[in-house]
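A look at the structure
Okay, here's what each chain looks like letter by letter:
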Amino acid sequence: MATKTDIIGSLAKGLRVLEAFGAEHPRLSIAETAERTGLDRATARRCLLTLHAEGYADYDGKFFTLTPRVLRLGMGALAALPLAQLVQPWLDQLSERIGQSTSVSILDETEIVYLARAAQRRVMSIGLLPGSRLPAHCTSMGRVLLAALPEPEARAVIDASDLSPRTPFSRTDPEEIIAEIGRVRTQGYALIDQEVELGLRSLAVPLISARGRVVAALNTGVAAVQAEPDALAALYLPALLKVQDGLRRILP
């Protein structure tokens, strides 16, 4: 186990500064960075200027923004994950077979992180790539992954989540979401009807390893054109379950 003398404090602070940026905070001043990280202004300034000097951030004299160079930090790690490498050919084949985009993600605290994706025609206005994040509580893959947790753990994730509605269809009552996760746990798949984005429905199943452990989630997202949301399961669930079965034999 690492001791205090093994830890590089400046590196840890720099990582905190990197994590301060996000979709809602793409541009940060020194003061804003200090506030979001809990660092003092001088330390935040040195971290930001170091990122700028190394090409990881742009600076206009007041605000810092991350550059595409930071993708090297995350994309390389994601691409090197055995799981992403294993599922990508299956995603490509599934997407071609059903004519819809397909994705695989994992759970990271209150969010899902996309590991792999095969895109067909664009349904979501949000551009999704490996490394993209969405709230777990209102996504089909998130609910599948939460259903794989013991109920107290799933409830703790919901309690820690921002349940602000993304659409008029979004569930915001924690008990209602917990009940839906229970249904997902029983039926083995999750169906989302326009809770993430208007006009989008998605269907997800868990990806289960040879040891019986849920390691990720697989989904497809389609335009909400069918009269009934349940029609989505009739159309695409058999294909997703076939991939689930095939991957079960090779996932560690």
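Given the structure is predicted, the values throughout are model-derived calculations rather than measurements.

Okay, the pattern of salt bridges next. Per the stated rule, a full pass over the model turns up 12 salt bridges. As a salt-bridge pair, E176 and R171 come within 3.2 Å of each other at their nearest N and O atoms. Residues D245 and R249 are paired through a salt bridge, measuring 3.0 Å at the closest nitrogen-oxygen approach. Relative accessible area serves as the criterion here: at 37%, D245 is assigned to the partly exposed category. Counted as one network, the salt bridges with shared partners bring together R143, R171, E176, E180, R183 and E195.

Turning next to the side chain of S140. Inspection of the secondary structure puts S140 in helix α6 (residues 140-147). In this structure the side chain of S140 is engaged in a polar contact, spanning 3.3 Å, whose partner is the side chain of N219. Once residues lying within four places of it in the same chain are set aside, the contact partners of S140 are A190, I192, S202, L203, A204 and N219.

Bringing the environment of E228 into the picture now. Within the fold, E228 resides in the loop between β9 (214-223) and α9 (230-248). With relative accessibility at 53%, the residue E228 sits in the exposed group. In the structure, E228 is positioned 207 residues away from F21 in sequence and 39 Å away in space, judged by C-alpha atoms.

Grouped together as the largest cluster of nonpolar side chains are 27 residues, with contacts concentrated most on L203, L207 and L218. If you tally residues by element for this core, the top one is α9, at 8 residues. Grouped together as the second largest cluster of nonpolar side chains are 22 residues, C138, M141, V157 and V196 included.

What counts and what doesn't
- Residues numbered from 1 in each chain as written.
- Predicted model: local features only at pLDDT ≥ 70, side-chain atom pairs only at ≥ 80, totals over all residues.
- Heavy atoms only, no water.
- Salt bridge = Lys/Arg side-chain N within 4 Å of Asp/Glu carboxyl O.
- Buried < 20%, exposed > 50% of the residue type's maximum accessible area, 1.4 Å probe, protein only.
- Helix = DSSP H or I, 4+ residues; strand = E, 2+ residues; numbered from the N terminus.
- Polar contact = N/O pair within 3.5 Å; in protein donor to acceptor, adjacent residues only side chain to side chain.
- Contact = heavy atoms within 4.5 Å.
- Core = buried A, V, L, I, M, F, W, Y, C linked by side-chain atoms within 4.5 Å.

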